[in-house]
Amino acid sequence: MQIIDLDKDNVKINIDAITLGNFDGLHLAHQKLINKCVSLGKSGVIIFKSHTSEVLEDDKFKNILTMEDKIYLVKRMNVDYCLIKSFDRDFLSLNPKEFLNYVKEHTNFKNLVVGNDFKFGINASGDVSTLKNFQAVFNYKLYIIDDQFINGVPIRSTTIRKFLMSGDVEDANSLLYRPFSIKGVVVDGKHRGRNLGYPTANLECKQYIIPAAGVYYTNVIYDNKLYKGITSVGENLTYDEHDVKIETHILDFKGDLYGKNLTLVFINKIRNNIKFNSEIELINKLKSDYNFAKNQDLDLQLQDYMII
């Protein structure tokens, strides 16, 4: 797959089919768009570097995937070209015709694949009806993919976000078609877990949306190996510490992880965070969490759609 930065490279290539958007999550509905492009010949995916919500609404917006993750997954879907583009104020100011002209000029696409809720151009003034009207002007065939559902739930990034923010990682995973994962570097902590018999890796991870506070059964990818983990997300209520942390006890692992990169894979939620009256109570609960994780199957096998 060739990666092209449209902000740097004044490219003019010929692509049979393209799709474009934020692709935050690259969930099942996104995958359907991309697979359709791949089926139509030489394929391209245009991904915006910043999420539209980040530019228009909230500069503290956190993503389900980083750009690096998106490129990694798109490559695994046998896409020929991944084109990345800043979604900045200049690009936002383009009217629908100017928007399409920009894309056509750089890719000369023959087929355009979008979802039926696709919006583009200044103030989101363009939609699928606009795309239909411009087919003759820009000489392309339009493919509109219907909304996708699982058990009546719409497959959308906003839905996945809601699940993650309420701690429903299993439901989020079903829409993603892979476990929700985050990557980060292990930083030094207060070593309380080690003193309690359950040493933890304290993950610094600022670019991703983080699931709701709680204790989760996770898998940990380190050095291309997969381990079981127990991950606490949130405040340390027992010690009255109110900064949010992501701390993971990795089962059957010994070694120094400080400064190392880990991928944390959220499988399901074990329980809510609890304030314990004593360290003995805390240790007993950690034992219970450990036994739960120990009895789970480790069967992900670094599958293709994992972020590593």
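Position numbers for residues start from 1 in each chain and track the written sequence from start to end. This being a predicted model, a pLDDT of at least 70 is required before a residue's local features are given, and a value of 80 or more before pairs of side-chain atoms are given or counted; all residues contribute to the totals for chains, interfaces and linings. The side-chain figures draw on all heavy atoms in the structure; neither hydrogens nor water molecules are used.

Which entries qualify depends on this criterion: UniProt positions are given in the numbering used here, feature names are shortened, and annotations may be inferred rather than shown by experiment.
If you check an unreviewed UniProt entry, the protein chain appears there as Riboflavin biosynthesis protein from Finegoldia magna. Of the protein chain, the UniProt comment under Sequence similarities (unreviewed entry) reads exactly: "Belongs to the ribF family."

**Structural notes on the overall build of the protein chain**
What counts, and what does not: A run of DSSP states H or I qualifies as a helix once it reaches four residues; a run of E qualifies as a strand once it reaches two. Both are numbered from the N-terminal end. Type-normalised accessible area, obtained with a 1.4 Å probe on protein chains alone, sets the label of each residue: buried when under 20%, exposed when over 50%, and partly exposed for intermediate values. By definition, residues are in contact when any of their heavy atoms lie within 4.5 Å. Per-residue and other accessible areas follow the Shrake-Rupley method at a 1.4 Å probe size, with only the shown protein chains counted as cover for residues.
From N to C terminus, the protein chain includes 11 helices and 14 strands. Every one of the 308 residues in the protein chain was classed for burial, and the buried ones make up 51%. The contacts of the protein chain with a sequence gap of at least 6 include a subset with a gap of at least 24, amounting to 73%. Approximately 15,100 Å² of the protein chain is accessible, and the part contributed by carbon and sulfur atoms is 46%.

**Some thoughts on the packing of aromatic side chains**
We count it as follows: Aromatic pairs are defined between Phe, Tyr and Trp rings, using the six-membered ring for Trp, whenever the two ring centres lie within 6.5 Å; interplanar angles under 30 degrees are classed as stacked, those over 60 as edge-to-face, and all others as tilted. Distance and angle both matter: a charge sits over a ring if NZ of Lys or CZ of Arg is within 6 Å of the ring centre and within 35 degrees of the ring normal.
By the definition in use, this model includes 14 aromatic pairs. Measuring from centroid to centroid gives 5.3 Å for Tyr227 and Phe253, while their planes differ by 80 degrees, and the two rings are edge-to-face. With Tyr227 in strand E12 (residues 225-236) and Phe253 in the loop between strand E13 (241-250) and strand E14 (261-271), the pair connects residues that are 26 residues apart, well separated along the chain. On the basis of relative accessible area, Phe253 is assigned to the partly exposed category, the value being 21%. By way of ring pairs, the aromatic residues Phe48, Phe87, Phe91, Phe99, Tyr102, Phe118 and Phe120 are connected into one cluster. Positioned over the ring face of Phe109 is Lys104, at 4.9 Å from the centre of the ring.

**Topic: the pattern of salt bridges**
Note the threshold: Any carboxyl oxygen of Asp or Glu within 4 Å of a side-chain nitrogen of Lys or Arg constitutes a salt bridge here.
Taken as a whole, this structure holds 10 salt bridges when the rule is applied. Where Arg271 meets Asp289, a salt bridge forms, and the shortest distance between an N and an O atom there is 2.8 Å. Linking Arg271 in strand E14 with Asp289 in helix H11 (residues 279-294), this pair joins segments that are 18 residues apart in sequence. Asp289 carries the same exposure label as Arg271, and that label is buried. Three or more residues joined by partner-sharing salt bridges are found here, namely Asp5, Asp7, Lys49 and Lys85.

**Here's the deal with the nonpolar core**
Short version of the rule: What makes a nonpolar core is a set of buried Ala, Val, Leu, Ile, Met, Phe, Trp, Tyr and Cys residues whose side-chain atoms join them at distances within 4.5 Å. Each domain span listed reflects an automatic or database assignment of domains.
With 50 residues, the main nonpolar core has Ile34, Val74, Phe180, Ile182, Leu203, Leu262 and Phe266 as its most contacted residues. Both domain 1 (2-147) and domain 2 (180-302) contribute no fewer than three residues apiece to this core. Dropping the residues within four chain positions of it, Val74 is found in contact with Met1, Leu26, Ile34, Val45, Ile47, Val79 and Cys82. Tyr81, Leu100, Val103 and Val128 belong to the second largest nonpolar core, which has 30 residues in total.

**What about the environment of Asp168?**
Here Asp168 lies in the loop between helix H8 (157-165) and helix H9 (169-176). Separated by 43 residues in sequence, Asp168 and Pro211 place their C-alpha atoms 8.1 Å apart.

**Brief notes about the sheet that holds strand E5 (residues 111-115)**
As a general point, the strands of a sheet are linked pairwise by backbone hydrogen bonds and lie either parallel or antiparallel. What counts is decided by this rule: Any two strands between which DSSP finds at least two bridges are classified as paired. Here an axis means a line fitted to C-alpha atoms, over the contact stretch when the element is a helix, while the angle between two N-to-C directions is reported on a 0 to 180 degree scale.
The strand order across the open sheet built from 6 strands is E1-E4-E3-E2-E5-E6, with neighbouring strands paired in parallel fashion. Pairing within the sheet leaves two strands with one partner each, and these edge strands are strand E1 (2-5) and strand E6 (141-145). Direction aside, the axes of adjacent strands within the sheet are offset by 20 degrees on average. Direction of pairing for E1 relative to strand E4 (residues 81-85): parallel, over a ladder of 4 bridges. Within the sheet, the bridge partner assigned to Asp5 lies in E4 and is Ile84. Against the sheet, helix H5 (residues 96-107) touches strand E2 (17-21), strand E3 (43-48), E4 and E5, its axis set at about 135 degrees to E2.

**A few points about the pairing of strand E9 (residues 180-187)**
A large share of E9 lies buried, amounting to 6 of its 8 residues. Pairing of E9 with E14, which is carried by 6 bridges, proceeds in the antiparallel orientation. Bridging from a neighbouring strand, Ile182 pairs with Leu264 of E14.

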